[in-house]
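# Examining the three-dimensional arrangement
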Amino acid sequence: MEKLYIGLVDTPGLFAWMIRKAIRQDYIHVVLGMDEMLDECYSVGRRYPSIPLLAGFEREEKEKIIRAFPTARYMIFAIVCTKEQKENIRKQLKKCYENRYKYHYCIAGLPFILLQKEFFREKRYTCSSFIARVLEENGLKLFSKHFSLVTPKDFYELEQKEVIYEGALKQLIRMEQYRTEIA
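Here goes a summary of the coordinates provided. (Residues numbered from 1 in each chain as written. Predicted model: local features only at pLDDT ≥ 70, side-chain atom pairs only at ≥ 80, totals over all residues. Heavy atoms only, no water.)

Within this structure, the stated rule accounts for 2 cavities of 30 Å³ or more. Its boundaries defined by the atoms lining it, the largest cavity holds a volume of some 80 Å³. Lining the largest cavity, in full, are Cys106, Gly109, Ile113, Phe119, Phe120, Arg121, Arg124, Tyr125, Thr126, Ser129, Phe147 and Ser148. When grouped by side-chain class, the residues that make up the lining of the largest cavity number 6 nonpolar, 4 polar and 2 charged. (1 Å grid on protein atoms, 1.4 Å probe; cavity = no way out; pocket = protein on both sides within 12 Å on 5 of 7 lines; lining within 4 Å. Points joined across faces, edges and corners; volume = space filled by probe spheres on them. Nonpolar A, V, L, I, M, F, W, Y, C, P; charged D, E, K, R; others polar.)

Given below as structure tokens:
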């Protein structure tokens, strides 16, 4: 068996504050990673961390995030998958990244989430709906609702998860640097 890694992210800002109020939790962003330190991870989110309206499919970079949000917090957990599922997901994410400017954040879908009404437009996702769809397309159906209704809170409430890390992004980066130095 293999593992995929989900990162739940808490960053400051007005847009994050509005999402926090709507879903009633601190972790308001979700990323999908191939490794436990999230060195290779992707999401639908801000193209530039300090500009919330320019959003689409991106490869997350912890260094960019920490510069924009020094107080960012992460929770990283693992979910079990097969080797084939992990490889297929990695290929799918890389293909999405090659076409990243065709993917956009689905702002129009946010009211539908609050109303619990399915809403989907091709290549337009929230961070959580994109990850839920990718996982589902690869045989990992974690939620009993349409992917467009999945929120970061749903990921947070998953029972079948193994928490790897929870704390400040600064500390996670320090841990990673320490591991590199002793290797």
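Here the focus is the packing of aromatic side chains. Counted according to the given criterion, the structure contains 13 aromatic pairs. With a centroid separation of 5.8 Å and an interplanar angle of 50 degrees, the aromatic rings of phenylalanine 57 and tyrosine 103 are classed as tilted. Taken together, the residues span a long stretch of sequence, with phenylalanine 57 in strand S4 (residues 51-59) and tyrosine 103 in the loop between helix H3 (83-98) and strand S6 (104-105) at a distance of 46 residues. In this structure, phenylalanine 57 and tyrosine 103 share a single accessibility class: buried. Ring plane angle 85 degrees and centroid distance 6.3 Å describe the contact between tyrosine 103 and phenylalanine 130, whose orientation is recorded as edge-to-face. With tyrosine 103 in the loop between H3 and S6 and phenylalanine 130 in helix H5 (residues 127-137), this pair connects stretches of sequence that are 27 residues apart. The exposure class assigned to tyrosine 103 is buried, which follows from its relative accessible area of 12%. (Phe/Tyr/Trp six-rings, centres within 6.5 Å; stacked < 30°, edge-to-face > 60°. Helix = DSSP H or I, 4+ residues; strand = E, 2+ residues; numbered from the N terminus. Buried < 20%, exposed > 50% of the residue type's maximum accessible area, 1.4 Å probe, protein only.)

A few words now on the nonpolar core. The biggest cluster of nonpolar side chains holds 38 residues, and the ones touching the most others in it are Leu4, Ile6, Leu32, Ile89, Phe130, Leu135 and Phe155. Mapped by element, the contributors of at least two residues to this core are strand S1 (2-10), helix H1 (14-23), strand S2 (29-33), strand S3 (41-48), S4, strand S5 (73-81), H3 and H5. For this core, the element with the highest residue contribution is H5, accounting for 6 residues. When residues no more than four places from it in sequence are discounted, the contact partners of leucine 32 are Leu4, Tyr5, Ile6, Glu40, Cys41, Tyr42, Ile89, Leu93, Ile131, Val134 and Leu135. (Core = buried A, V, L, I, M, F, W, Y, C linked by side-chain atoms within 4.5 Å. Contact = heavy atoms within 4.5 Å.)

Here we come to unusual backbone geometry. Glycine aside, a negative phi is what most residues show, and trans is what most peptide bonds show. Despite not being glycine, leucine 38 has its phi angle at roughly 60 degrees, a positive value. A positive phi angle, close to 60 degrees, is found at glutamine 116, a residue other than glycine. Glutamine 116 gets classed as partly exposed once you look at its relative accessible area, which sits at 47%.

Before going further, it helps to examine the layout of surface pockets. Reported here for the second largest pocket is a volume of approximately 200 Å³. Lining the second largest pocket we find 13 residues, and of these Gln92, Cys96, Tyr103, Lys123 and Tyr125 sit closest to its centre. Those elements that provide at least two residues to the lining of the second largest pocket are H3 and H5. Here the residues of the lining of the second largest pocket are counted per class, giving 5 nonpolar, 2 polar and 6 charged.

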